[in-house]
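# Coordinate inspection notes
Letter by letter, the chains look like this.
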Amino acid sequence: MPNWFKKTGDDVADDALSPREELRALADDTAAVAPDVDVCGDAPDAPDTGDASAATAEVGAPDTTTTPSTSDTEVIRDRLADALSPEPDAGELRLEELRGELKSPLPEPTAFFTIKGAEDARVGTRPEDLARAAAGGADNAAGRTPPEGADAEKPRSRAAFRMVVVGAVVALLAAAGAWAYVTFGKVPAPDLVGLSQSEAIALIQDAGLRIGQITEESAAGITPGTVLSQDPIVDELALRGSKVQLIVAAAGRTVRVPDVSAMSYVDAQAALSGAQLVAQEVRTWSDTVAAGSVVGFLPIAGTELPSGSTVSVLVSAGAYSTPIQVPKVLGLSADAASAALQQAGFNPQVFTASASFGVLNEVIAQTPASATQLAPGTSVLVLVSRGNSTTEISVPDLSGKAADVAAAEASVAGFATQSWPIVDSSVASGTVVAQTPPSKDTLLAAGDPIGLLVSHGSAADAAVPEVLSQDVAAAVRMIQDAGMTAVVVPQGTGTAAASAETTATATATAQPGVDGGGVSAVTSPTAPAATTVEARGTVTQQFPAAGSAYKIGLPVLIYAE
């Protein structure tokens, strides 16, 4: 379409034309487009040059330029003239007719031919643009400047925020899961030290843990397979299914008992430890062996023992011939009284009875009385109150009677008797010097024992009975009947010596060459406590040897196999 009614950006920018001026300009443009075309649209006559070929050539090259026909031009001119009439309404009407006939997309002059219209078309006056502008104005009024490209960044910001929230939730869930696993997935390690390996394994499995590495380590005096240490330690939290490492005592190899005669106890202890054996000190008194030195030991030198086994060592605490004073134990508990008497060098024997005097569970009588001077190892009878009673049997008075007569009378009254010798030159040998409980204000149940101290005269020596090949229980009774105290050497490893009243599992043979200097039944404060074991086995070793002159009240070692 001819560019008749179009204006350039520069024209729009210059100034707006009135409709009438626009029509005049269009008329002028129409006349200028085809000044040489007649009304019918025929081409002007070409000059006659007489050259037919040239004319033919001119005719053979038709002009492709499109021009309005003569009739169309006339119609346009007529209508333009009418449009230029002084009536503005007619001009507007003719302009609308022109648009319809020429199919012109001309915009409304008032909307197109103004600078404001061009600016509005470029900037945009859509409702959403106006709303955004209003929001921007509100931000500016509040002192906030919207960021550049804020609308385009909103979806991206929301997506990023969602990603941050999701990541934080995942991290929290992971942390909570880890905390729950660490907190609720742990169990305290059980206490395994001192148990056998099989017992420790069972406890580990019961706790939901697994068996880790088990390492053997030599340990003198500890039964092979006993747990020495554990990792993790007791009550330390460990993850379920984790491993527990153990160190257990190694199975002891067989070793020979070294000869520790005439050594100091310190040296003897070191020699036995070097042989992977454990020394157990038992105090004694001797007039021929200096205090702190070895009087004797069992098993004898050369005996084959598992490593870690115990060797009982008799150590002199001083001269037997020097009397010691009996301490006062009235008002003490049974345990406290026994400890005080042992520490002083005596052999305590504890009894109980119902009494109308004294305090329950306290010592209410002792025989011999406190402050009495006696030989080391002498037995002291202690009575502990078990309260008052009106249903039990009165205790007979056995003092001053022969030991056999006293035993018979006690049996008739329904009681048993136990007797211990005491050196007392003022009372004939074999006579009861004192008894516990006393016959006055005490009651016993039928079958309860009565303790008797029987005079051994002025002679402190006695012959050691032969107990070889006897079972342990019989050997203990024979030694007691001779006025001495039986001490059984522990069997195996890691056990303690048994006292005279203890049934045990050992046997013994004589050890020659040791004097009858005497051995106390009292162990040192550092020695292991006596252990009660089953009475079985045959005596294969004893110390002192059978027939040796030995001091009454002092211990005889026996070893059983």
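Description of the structure in this document. (Residues numbered from 1 in each chain as written. Predicted model: local features only at pLDDT ≥ 70, side-chain atom pairs only at ≥ 80, totals over all residues. Heavy atoms only, no water.)

Before going further, it helps to examine the packing of aromatic side chains. In total, this model carries 1 aromatic pair according to the counting rule given. Seen from their ring centres, F351 and W420 are 6.2 Å apart, and the 80° between their planes marks the pair as edge-to-face. Here F351 is found in strand β12 (residues 347–355), whereas its partner W420 is found in strand β17 (residues 416–422), with 69 residues between them in sequence. In terms of burial, F351 and W420 fall into one category: buried. (Phe/Tyr/Trp six-rings, centres within 6.5 Å; stacked < 30°, edge-to-face > 60°. Helix = DSSP H or I, 4+ residues; strand = E, 2+ residues; numbered from the N terminus. Buried < 20%, exposed > 50% of the residue type's maximum accessible area, 1.4 Å probe, protein only.)

Let us look at the sheet that holds strand β20 (residues 449–455). Spatial ordering of the open sheet is given by β17-β20-β18, a layout of 3 strands whose pairing is mixed. Unpaired on one side and paired on the other, β17 and β18 (432–436) mark the two borders of the sheet. Across the sheet, the axes of successive neighbouring strands diverge by a mean angle of 25°, strand direction being ignored. Across 4 bridges, the pairing between β18 and β20 is antiparallel. (Pairing = 2+ DSSP bridges. Axes fitted to C-alpha atoms, helices over the stretch in contact; angles between N-to-C directions.)

As a further point, take the nonpolar core. By size, the foremost hydrophobic cluster in this structure holds 31 residues, and its most contacted members are L341, F346, V382, I450 and L452. The element contributing the most residues to this core is strand β15 (residues 379–385), with 5 residues. Leaving out residues up to four positions away in the same chain, I450 has contacts with F351, V395, P396, L398, A410, F415, A416, T417, Q418, Q435, T436 and L444. Counting residues in each nonpolar core, the second largest holds 25 residues, with V260, V289, F297 and L298 among its members. (Core = buried A, V, L, I, M, F, W, Y, C linked by side-chain atoms within 4.5 Å. Contact = heavy atoms within 4.5 Å.)

Let us now look at the side chain of S548. Along the chain, S548 falls in the loop between β23 (539–543) and β24 (549–551). In this structure S548 comes out as buried when scored by relative accessible area, which is 17%.

Moving on: the sheet that holds strand β19 (residues 442–444). One open sheet holds the 5 strands; their spatial order is β13-β15-β12-β19-β16, and the pairing between them is mixed. The sheet is open, and its two edges are formed by β13 (363–367) and β16 (393–394), each paired on a single side. Two elements, β16 and β19, share 2 bridges in a ladder whose sense is antiparallel. In the strand pairing of β19, I393 is matched with L444. On top of the sheet, helix α12 (residues 334–344) reaches β12, β13 and β15; it is set at about 150° to β12, its chief contact.

Residue T436 is joined to P437 through a cis peptide bond whose omega torsion reads 0°. If you trace the backbone, P437 turns up in the loop between β18 and β19. Between F543 and P544 the backbone carries a cis peptide bond, its omega angle lying at -5°. With respect to the helices and strands, the residue P544 is situated in the loop between β23 and β24. Positioned with a positive phi, N361 is a non-glycine residue whose angle comes to about 65°. Position of N361 among the secondary structure elements: in the loop between β12 and β13.

No statement about biological role is implied by the geometric values presented.
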